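Given next are the chains, with one letter for each unit.
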Amino acid sequence: MCHSCADLAVTSALISDLSAYADTPDADAEFVDVTAYGLAIAVFVAYEAPLYPPPGHGYPRQNG
């Protein structure tokens, strides 16, 4: 798995886990908001270049 694919897979898993945590009764809303924002930003690298892997890696293409 290439570096970009691995990063995207880990970030996607973290977003999924955070979403599940947000649905629990004891969830800390501020933590969820801050962490969700950080994970969303993690999908993009410097200069707003999408962190999507190159074509052929099984992920949807980024609309540009």
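Everything below is about the structure printed above this text.
The structure contained in this document is the topic of the report that follows. From a predicted model like this one, the values you see are computed outputs, not experimental measurements.

Remarks on the packing of aromatic side chains
In step 1: Counted under the stated rule, the structure contains one aromatic pair.
In step 2: Ring plane angle 85° and centroid distance 5.9 Å describe the contact between tyrosine 21 and phenylalanine 31, whose orientation is recorded as edge-to-face. Highlighted residues: tyrosine 21 in helix H1 (residues 3-22) and phenylalanine 31 in helix H2 (residues 29-42), separated in sequence by 10 residues.

Observations concerning H2
In step 1: Here H2 is 14 residues long and its end C-alpha atoms lie 20 Å apart, about the 20 Å a rise of 1.5 Å per residue gives.
In step 2: Structurally, the start of H2 carries an N-cap: the backbone nitrogen of glutamate 30 is 3.1 Å from a side-chain oxygen of aspartate 28.

Brief notes about the environment of serine 12
In step 1: Within the element layout of this structure, serine 12 appears in helix H1.
In step 2: Residue classification places serine 12 among the partly exposed positions, given a relative accessible area of 38%.

Thresholds applied
- Residues numbered from 1 in each chain as written.
- Predicted model: local features only at pLDDT ≥ 70, side-chain atom pairs only at ≥ 80, totals over all residues.
- Heavy atoms only, no water.
- Phe/Tyr/Trp six-rings, centres within 6.5 Å; stacked < 30°, edge-to-face > 60°.
- Helix = DSSP H or I, 4+ residues; strand = E, 2+ residues; numbered from the N terminus.
- Expected span 1.5 Å × (residues − 1).
- Polar contact = N/O pair within 3.5 Å; in protein donor to acceptor, adjacent residues only side chain to side chain.
- Buried < 20%, exposed > 50% of the residue type's maximum accessible area, 1.4 Å probe, protein only.

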